[in-house]
Amino acid sequence: MNSYDLELLSRPARDGDQGWCFGHPPGIAAHQWPLDPISGWPLKHGFTLLLPEDHRVHGPDVVALAFFAPAPEHAAAPPRPDPALVAAVLAESPRRPGDPDLVPFWIAGRQAHPRLTRLRDDRGHAYAVILLTGAEFHGPRCPPPMPADNPYLAHLARPLWLAEAMVHPAAAIAAPALADRAVVARTTSAPTTANHIAGPDDPADAFARHRLNFEESFGGIALGGGRACLDLATMRLDRFDP
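Describing the overall build of the protein chain
- Helix and strand counts for the protein chain come out as 5 helices and 11 strands.
- Against the 2.2 N^0.38 benchmark of 18 Å for 242 residues, the protein chain shows a C-alpha radius of gyration of 17 Å, consistent with a compact globule.
- With respect to the three principal axes, the spread of C-alpha positions in the protein chain is 55 × 35 × 35 Å.
- Every one of the 242 residues in the protein chain was classed for burial, and the buried ones make up 51%.
- Of the roughly 10,900 Å² of accessible surface on the protein chain, a fraction of 55% belongs to carbon and sulfur atoms.
- Looking at charge distribution, the protein chain has the averaged site of its 21 positive side-chain charges lying 3 Å from that of its 27 negative ones.

Comments concerning the layout of surface pockets
- Taken as a whole, the largest pocket spans an internal volume of roughly 250 Å³.
- Taken together, 16 residues line the largest pocket, and the ones lying closest to its centre are Leu35, Pro104, Phe105, Ala108 and Pro147.
- Tallied by class, the residues present in the lining of the largest pocket amount to 11 nonpolar, 4 polar and 1 charged.
- Its volume calculated, the second largest pocket comes out at about 190 Å³.
- As for the second largest pocket, its lining consists of 13 residues, and the residues nearest its centre are Arg14, Asp15, Trp20, Phe137 and His138.
- Each residue belonging to the lining of the second largest pocket can be placed in one class, and the counts come to 5 nonpolar, 4 polar and 4 charged.

As for the packing of aromatic side chains
- One pass over the full model with this rule turns up 9 aromatic pairs.
- Ring geometry for Phe47 versus Phe67: centroids 5.1 Å apart, planes at 5°, classification stacked. On the criterion of sequence distance, the pair formed by Phe47 in strand E3 (residues 44-50) and Phe67 in strand E4 (residues 62-69) is long-range, its members being 20 residues apart. By the burial criterion, Phe47 is buried, and Phe67 matches it.
- Ring centres of Phe47 and Phe218 lie 5.0 Å apart, and the angle between their planes is 55°; this geometry places the pair in the tilted category. Taken together, the residues span a long stretch of sequence, with Phe47 in strand E3 and Phe218 in the loop between strand E9 (211-215) and strand E10 (227-231) at a distance of 171 residues.

A word on empty space enclosed by the protein
- Applying the stated criterion across every chain, the model contains 3 cavities of 30 Å³ or more.
- In this structure, the largest cavity encloses a volume near 60 Å³.
- Considering the residues around the largest cavity, the lining is formed by His31, Gln32, Trp33, Pro34, Leu35, Val89, Ala108, Gly109, Ala112, Leu116 and Arg118.
- Looking at the lining of the largest cavity, the elements that each hand over two or more residues are helix H3 (103-110) and strand E5 (116-120).
- Of the residues in the lining of the largest cavity, the class split is 7 nonpolar, 3 polar and 1 charged.

Section: the pairing of strand E11 (residues 237-240)
- Sheet analysis places E10 next to E11, joined by 4 bridges and oriented antiparallel. For Cys229, the partnering residue across the bridge sits in E11 and is Asp238.
- Between the antiparallel neighbours E10 and E11 lie 5 residues, among them Met235 with a positive phi of about 60°.

About the criteria used
- Residues numbered from 1 in each chain as written.
- Predicted model: local features only at pLDDT ≥ 70, side-chain atom pairs only at ≥ 80, totals over all residues.
- Heavy atoms only, no water.
- Helix = DSSP H or I, 4+ residues; strand = E, 2+ residues; numbered from the N terminus.
- Rg over C-alpha atoms; globule rule 2.2 N^0.38 Å.
- Buried < 20%, exposed > 50% of the residue type's maximum accessible area, 1.4 Å probe, protein only.
- Areas by Shrake-Rupley, 256 points an atom, 1.4 Å probe, with all protein chains shown as cover.
- Lys, Arg positive; Asp, Glu negative; His and termini not counted.
- Charge placed at Lys NZ, Arg CZ, Asp CG, Glu CD.
- 1 Å grid on protein atoms, 1.4 Å probe; cavity = no way out; pocket = protein on both sides within 12 Å on 5 of 7 lines; lining within 4 Å.
- Points joined across faces, edges and corners; volume = space filled by probe spheres on them.
- Nonpolar A, V, L, I, M, F, W, Y, C, P; charged D, E, K, R; others polar.
- Phe/Tyr/Trp six-rings, centres within 6.5 Å; stacked < 30°, edge-to-face > 60°.
- Pairing = 2+ DSSP bridges.

Written out as structure tokens, the structure reads:
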């Protein structure tokens, strides 16, 4: 089993690349875009990555993943979680909420992608991963949902990346803040870059047999200046301070 160094390029993604950072995720519907249970706003797409064949641990049909994170400005000053909002976003109950303002969040939770996994880091920040089939990975890019005004969203300003998407609803390429950047992979016996997929032969890998390591620059994900490690098998996320 190999390890793979991941390099973020300045050009847009194209066929044959390992994936992309920023931009939009592929192959999902707008109603499947995960919401942040803390803020209620859509999570920001950080990156979509085609997994090397020797790290496809969820069966032969699952070939890629899309990673979502809170808007950096929301992560810097997160609100106190509202239990009612969290329960609605996660659709913890099969019963429709009595508060009509919570119903849109509950519907979104009920319509979640079937291979959605939600994660938390040590700070309580919410993340999400959607595992993708080959058809989804090669499918059309999905623009984010545009939430209607709602009192549960009023405690935080609209995320900057989402405001940019509203200005440029038709094409992410036209919006500099939304344009994707290509990711390429290079096979290695042991990782030499901060962003990498590590195999079990990596001497520094005491965390998982199949492990994705990434820094904040890999998709603009707020990690408190540190880095994160995602266990590709269990979908456990660990964050490490600098």
